Amino acid sequence: MLSPLVATFRTPDLRKKIFYVLGILVLYRLGATLPSPGVNFKMIDKCVDAASQGDSGQIYSLINMFSGGALLQLSVFAIGIMPYITASIIVQLLTVVIPRFEQLRKEGQSGQTKMTQYTRYLTLALALLQSTGIVALAASGNLLPTSGGDCNGQEIIHDRSIFGLIIIILVMTAGALLVMWFGELITERGVGNGMSLLIFAGIVARLPAEGRTILTSRGGLAFGLVCVAVVVILLAVVFIEQGMRRIPVQYAKRMVGRKMYGGSSTYMPIKVNTAGVIPVIFASSLLYIPQLILQITNQNATEISGWQVWMQDNLINPSSWFHIVVYFLLIMFFTYFYVAVTFNPEERADDMKRYGGFIPGIRPGKPTANYLSYVLNRITLPGSLYLGIISILPNLFMDLGGGAAQNIPFGGTALLIIVAVGLDTIKQVNSQLMQRKYEGFLK
């Protein structure tokens, strides 16, 4: 059973890549714990614990998840990898709207290099914007509002002058660009997708602390039940993530010069969860907007109005049924939207027709595109339901867990990222082992 692992470390170049990835992850976690200049780290730590115990605790856990606990603590890598992910998604979506981006995508490696350059520029702008917003919220005391009133901007940030705030903003922006460089180095010289592994490392780094919180607050029995539930959900997620619809594709024989090509049978895989975790990220970001609006409007307000009470009880409270239903419907909507943007049946049908491929029983061209659309719409429905159910599980069990369920790092987006990144990394290691005639991890 351990022979593939032994074979991995016996291969010099593969062993070098693994240690290279581990070294960058260590540097990433070091920067995530290093506080920015002028920040009161001890006070922020107390305020994060106090804010996580309130009604909006899950919102703060979600905000803090992708940075591995660095965002709310205003560390050097507080912004983390999110600006690059957001920029990548925006550029990918713009390929459908802007013809120039669509042309670059079809140009191959040169076009991809240009698209990467645009993504980096957009990452810089988003990182500067996000760091400015976070520092402004921290300086005004609205980043971590608590009932105690001791988490104001003066306590969190020592120097609230313009120069002091600009220094913090520049440090966070530089940290986001450094994290982007780390991710690109892992993808280019290591094993696996660099951006995904950085998010994976941030989530996994929070597991011991979250487990200790559940153990101390709920006891050993509740901790054991949570572990059993996590294992069951983990197995279900792995099973569905591996599920796919294989559409058979037959390629006709064709002559190129004096050689015969084609005549082979293959298949086109369409995963049940084609959209990945992108719909969950979009839906979570939209549901954070009411919390941000409430923080801004309550900054100088002496009393809470009726609409603010309604937003607090329905949209912001993660245990309310209105919040759960809206969250679920948003995930389903963004699943269909993202799949429609990223998977073009007409383009796939034209590619198969260009290379002499066809689906048995389906005519090439428009009938093939209609068939692919039909299959995609049918398989997207269970995929969207699966994403929605997995994401709302922490909300459903929040009352049963007495507040501890909101700290479970295996719920929703975190669990999907852990499984997806783990499976993808194992597959890449397995493919490199197969090239050297070793037995891989996945049998």
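Residues numbered from 1 in each chain as written. Predicted model: local features only at pLDDT ≥ 70, side-chain atom pairs only at ≥ 80, totals over all residues. Heavy atoms only, no water.

*Asks:* Before we go on, may I ask you to explain the overall build of the protein in this structure?
*Replies:* What the protein contains, in helices and strands, is 18 helices and five strands. The contacts in the protein between residues at least 6 apart in sequence include a share of 71% that link residues at least 24 apart. Surface summary for the protein: the accessible area is close to 22900 Å², and the carbon and sulfur share equals 64%. (Helix = DSSP H or I, 4+ residues; strand = E, 2+ residues; numbered from the N terminus. Contact = heavy atoms within 4.5 Å. Areas by Shrake-Rupley, 256 points an atom, 1.4 Å probe, with all protein chains shown as cover.)

*Asks:* What is the right way to read helix H15 (residues 321-342) from this model?
*Replies:* In an α-helix there are 3.6 residues to a turn, and that puts residues three or four apart on one side. Between its terminal C-alpha atoms H15 stretches 32 Å, which fits the 32 Å expected from 22 residues at 1.5 Å a residue. Of all the positions in H15, only His323, Ile324, Tyr327, Phe328, Ile331, Met332, Phe334, Thr335, Tyr338 and Val339 are classed as buried. (Expected span 1.5 Å × (residues − 1). Buried < 20%, exposed > 50% of the residue type's maximum accessible area, 1.4 Å probe, protein only.)

*Asks:* Sorry if this is basic, but what is going on with the pattern of salt bridges here?
*Replies:* Pairing between side chains becomes possible if they bear opposite charge and their charged atoms approach one another. The full count for this structure, using the stated rule, is four salt bridges. Between Glu241 and Lys271 there is a salt bridge, with its nearest N and O atoms 3.8 Å apart. Of this pair, Glu241 sits in helix H12 (residues 220-242) while Lys271 sits in strand S4 (residues 265-271), placing them 30 residues apart in sequence. The class of Glu241 is buried, set by a relative accessible area of 6%. Residue class for Lys271 comes out partly exposed when judged on its relative accessible area of 34%. (Salt bridge = Lys/Arg side-chain N within 4 Å of Asp/Glu carboxyl O.)

*Asks:* Please clarify how the environment of Pro37 should be interpreted in this entry.
*Replies:* Considering the arrangement of structural elements, one finds Pro37 in the loop between helix H2 (12-33) and helix H3 (41-52). Here Pro37 falls in the partly exposed class, since its relative accessible area comes to 38%. Ignoring anything within four residues of it in the chain, the contact list for Pro37 reads Ile167, Ile168 and Val171.

*Asks:* Can you walk me through the nonpolar core in this structure?
*Replies:* Across soluble globular proteins, nonpolar side chains show a tendency to be buried alongside one another. Core analysis: the largest hydrophobic core is formed by 64 residues, its most contacted members being Ile81, Leu198 and Leu416. It is helix H17 (residues 366-396) that provides the largest number of residues to this core, a total of nine residues. Both of domain 1 (1-190) and domain 2 (218-442) provide at least three residues apiece to this core. Not counting residues within four places of it along the chain, the set of residues in contact with Ile81 comprises Val179, Met180, Met195, Leu198 and Ile199. Counting residues in hydrophobic clusters, the runner-up holds 17 residues, among them Val39, Ile79, Ile134 and Ile156. (Core = buried A, V, L, I, M, F, W, Y, C linked by side-chain atoms within 4.5 Å. Domains from an automatic or database assignment.)

*Asks:* Before we go on, may I ask you to explain the packing of aromatic side chains in this structure?
*Replies:* Each aromatic ring pair is described using two quantities: the centre-to-centre distance and the angle formed by the ring planes. In total, this model carries six aromatic pairs according to the counting rule given. Here the aromatic rings of Phe77 and Phe182 are separated by 6.2 Å at their centres, their planes lie at 85°, and the arrangement is edge-to-face. In this pair, Phe77 sits in the loop between helix H4 (57-65) and helix H5 (82-97) while Phe182 sits in helix H9 (residues 162-189), placing the two residues 105 residues apart along the sequence. Residue classification places Phe182 among the buried positions, given a relative accessible area of 7%. With a centroid separation of 5.3 Å and 65° between ring planes, the pair formed by Phe333 and Phe334 is classed as edge-to-face. (Phe/Tyr/Trp six-rings, centres within 6.5 Å; stacked < 30°, edge-to-face > 60°.)

*Asks:* Mind showing me how you'd approach the sheet that holds strand S1 (residues 244-251) here?
*Replies:* Pairing within the open sheet is antiparallel, and its three strands lie in the order S4-S1-S5. Looking along the sheet, the strands with just one partner apiece sit at the ends: S4 and strand S5 (357-358). Relative to S5, S1 runs antiparallel, the two sharing two bridges. Looking across to S5, one finds that Tyr251 is bridged to Gly357. (Pairing = 2+ DSSP bridges.)

*Asks:* Help me out: how do you make sense of the confidence of the model for the protein in this one?
*Replies:* Caution applies to low-pLDDT parts of the model: their predicted coordinates are not meant to be read in detail. For the protein, per-residue confidence averages 77 on the pLDDT scale, and 79% of positions sit at 70 or higher. Per-element confidence in the protein is highest for H9, whose mean pLDDT is 89, and lowest for H4, whose mean pLDDT is 57. (pLDDT = per-residue confidence, 0-100.)

*Asks:* What should I look at first to understand the packing of H2 against helix H10 (residues 194-205) in this one?
*Replies:* A pair of packed helices is captured by two measures, namely the crossing angle of their axes and the spacing between those axes. Relative to each other, H2 and H10 sit at 60°, their axes nearing to 10 Å. The angle between H2 and H10 places the two elements in the oblique class. Classified by chirality, the crossing of H10 by H2 is right-handed. Contacts from Val21, Leu25, Tyr28 and Arg29 in H2 reach Leu197, Leu198, Ala201, Gly202 and Ala205 in H10. A class-by-class count of the residues in the contact of H2 with H10 yields seven nonpolar, one polar and one charged. (Axes fitted to C-alpha atoms, helices over the stretch in contact; angles between N-to-C directions. Parallel < 35°, antiparallel > 145°, perpendicular 65-115°, else oblique. Left-handed = near helix turned anticlockwise from the far one by under 90°. Nonpolar A, V, L, I, M, F, W, Y, C, P; charged D, E, K, R; others polar.)

*Asks:* Just to check I follow, could you spell out a nonpolar patch on the surface for this structure?
*Replies:* On the surface, Leu128, Ile162, Ile166 and Leu170 cluster together to form a nonpolar patch covering roughly 390 Å² of accessible area. Among the elements that make up the nonpolar patch, the one with the highest residue count is H9 (three residues). Inspection of the secondary structure puts Leu128 in helix H7 (residues 109-140). On the basis of relative accessible area, Leu128 is assigned to the partly exposed category, the value being 40%. (Patch = residues over 30% accessible without salt bridge, like charges linked within 9 Å, V, L, I, M, F, W, Y side chains within 5 Å.)

*Asks:* Can you walk me through the side chain of Ser391 in this structure?
*Replies:* If you trace the backbone, Ser391 turns up in helix H17. We classify Ser391 as buried; its relative accessible area is 3%. A distance of 2.7 Å separates the side chain of Ser391 from the backbone oxygen of Leu387, its partner in a polar contact. (Polar contact = N/O pair within 3.5 Å; in protein donor to acceptor, adjacent residues only side chain to side chain.)

*Asks:* Mind showing me how you'd approach the pairing of S1 here?
*Replies:* Along any regular strand, the residues point their side chains to alternate faces of the sheet. Two strands pair when backbone bridges link them, and S1 and S4 are joined in this way by seven bridges, in the antiparallel orientation. Paired with Met244 across the bridge in S4 is Lys271.

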